[in-house]
Number of protein chains: 2
Amino acid sequence: MAAMDIANHLRRHKKSLTRARAEIWHILTQSEKPLSPDEIHRRLTGHKVDLATVYRNLRALKDIGLVREIDLREAFKRYEAILAGQHVHHIMCQVCGRIEKVRHCVVQDMANAIQKESGFTLKDHSLECFGICPSCQPHKTKAQGT
Amino acid sequence: MAAMDIANHLRRHKKSLTRARAEIWHILTQSEKPLSPDEIHRRLTGHKVDLATVYRNLRALKDIGLVREIDLREAFKRYEAILAGQHVHHIMCQVCGRIEKVRHCVVQDMANAIQKESGFTLKDHSLECFGICPSCQPHKTKAQGT
DNA sequence: ACAAAAATGCAAATCGTTTGCAAGTTAAGC
DNA sequence: GCTTAACTTGCAAACGATTTGCATTTTTGT
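What you see is a predicted model, and the numbers here were worked out from it, not measured in a lab. (Residues numbered from 1 in each chain as written. Chains lettered and ligands numbered in written order. Predicted model: local features only at pLDDT ≥ 70, side-chain atom pairs only at ≥ 80, totals over all residues. Heavy atoms only, no water.)

The phi angle at A:R73 is positive, at roughly 60 degrees, despite the residue not being glycine. By relative accessible area, which is 26% here, A:R73 ends up partly exposed. The phi dihedral of B:K14 is positive, around 60 degrees, even though this residue is not glycine. Within the secondary structure layout, B:K14 lies in the loop between α1 (6-12) and α2 (19-30). Classification of B:K14 as exposed rests on a relative accessible area of 81%. (Buried < 20%, exposed > 50% of the residue type's maximum accessible area, 1.4 Å probe, protein only. Helix = DSSP H or I, 4+ residues; strand = E, 2+ residues; numbered from the N terminus.)

This part is about the side chain of B:S126. With respect to the helices, strands and loops of the structure, B:S126 is situated in strand β5 (residues 121-132). Those residues in contact with B:S126 that lie beyond four places of it in its chain are A:R73, A:S126, A:L127, A:E128 and A:F130. (Contact = heavy atoms within 4.5 Å.)

What follows is about the interface of chain B and chain A. Listed as interface residues are 45 residues of chain B and, on the opposing side, 45 residues of chain A. Here chain B packs against chain A, burying approximately 4,100 Å² in sum over the two surfaces, 58% of which is carbon and sulfur. Across the contact surface, chain B and chain A share 0 salt bridges. Where chain B meets chain A, there are 12 residue pairs in polar contact (both at pLDDT 80 or more). A per-element tally of the side of chain B that touches chain A places β5(B) first, with 12 residues. Looking at side-chain class alone, the side of chain B that touches chain A contains 19 nonpolar, 14 polar and 12 charged residues. (Buried area = accessible area lost by both parts, 1.4 Å probe. Salt bridge = Lys/Arg side-chain N within 4 Å of Asp/Glu carboxyl O. Polar contact = N/O pair within 3.5 Å; in protein donor to acceptor, adjacent residues only side chain to side chain. Nonpolar A, V, L, I, M, F, W, Y, C, P; charged D, E, K, R; others polar.)

In this section: the sheet that holds strand β3 (residues 89-93) of chain B. Taken in spatial order, the 6 strands of this open sheet run β4(A)-β3(A)-β5(A)-β5(B)-β3(B)-β4(B), and their pairing is mixed. Each edge of the open sheet carries a strand with a single partner, namely β4 (99-102) of chain A together with β4 (99-102) of chain B. With strand direction ignored, the average angle separating the axes of adjacent strands in the sheet is 25 degrees. Judged from the 11 bridges that link them, strand β5 (residues 121-132) of chain A and β5(B) form a sheet pairing that is antiparallel. Residue A:S126 lies in a different strand from β5(B), and its bridge partner there is B:E128. (Pairing = 2+ DSSP bridges. Axes fitted to C-alpha atoms, helices over the stretch in contact; angles between N-to-C directions.)

With that settled, the discussion passes to the state of the cysteines. Disulfides are covalent bonds that link the sulfur atoms of two cysteine residues. Under the definition given, this model contains 0 disulfides over all chains. Here A:C133 is not cross-linked by a disulfide; its sulfur's nearest cysteine counterpart is in A:C96, at 3.7 Å. (Disulfide = S-S within 2.5 Å.)

This next bit is on the pattern of salt bridges. Here the idea is simple: oppositely charged side chains can pair when their charged atoms come close. Summed over the entire model, instances satisfying the criterion amount to 16 salt bridges over all chains. A salt bridge links B:R42 to B:D38; the nearest nitrogen and oxygen atoms lie 2.9 Å apart. Of this pair, B:R42 and B:D38 both sit in helix α3 (residues 37-43), 4 residues apart, which is roughly one turn of the helix. A relative accessible area of 60% places B:R42 in the exposed class. For B:D38, a relative accessible area of 35% puts it in the partly exposed group. Taken together, the salt bridges that share partners define one network made up of A:K33, A:E39, A:E74 and A:R78.

Right, here's the structure in full:
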């Protein structure tokens, strides 16, 4: 999704390109990691934008495919801009909380196996990883479910 | 985790094997799919157990590795018993909500790639799939982020 | 059986997120 | 540019899942 296209993309879905929307989109595209609604809200600099508006816009952007919602087992969800159809997963350090992107993904390889095993057609998936980042090694952490 | 071992496992962690705990564990081991705290609560038949107690026990069981917490993009989390070190993922039908297990998992194959790419050591991951189950084909659904 | 530790019920509190509504902003056509 | 309909926003209240304080009850280890 090129930055230029956002206005058209919104228009196609009968959505307006509002100041809040533009600012939120800009913040997301500039961030190296997915952000929580609250983090986004705190980064808004211009005119006052209500947190409820941030939530409403994140949902709107998600609904039309501009934004991805990510669950890293925190108390809240995170959001990131979907750029150029990229397929991204994340790995979060269980010690320091650092979040990085993981571009390698083998899940599509599972599609056939899943199709055979369950008869489901795979449409989408969430894959989030947890581990220990280089600077936190060799800490130990408690086991977690998968 | 053999059913027999639960008492010992709890004892090792200074936890008691209470009636509520035993009942919740039984319900989880008998379920074919992960259950929400509320579903578990409603399935409790014996003496009255408060919903808060269900939450406290699920957390306790999760903390000592007997239970796995699962996020299927619903408003709540689901929980399932971890039996015999099984490694399980899930696929939920985007049309009817049916949930099935997916035993095939290729994520471990990603470990090396992730290690190289980010320097993280992979400790754990969440992989939940969404698609269309056999009886709901060939419905169409809106796209979702990954 | 006892004392100490752990768990429970109940009610209130949290906290992320959503919603109703009146007022403000944006889009589309003229 | 102006006008109206459609879409958004701020604000406050509502929500729903989950958590917590505390007095009481149950379980544990001896």
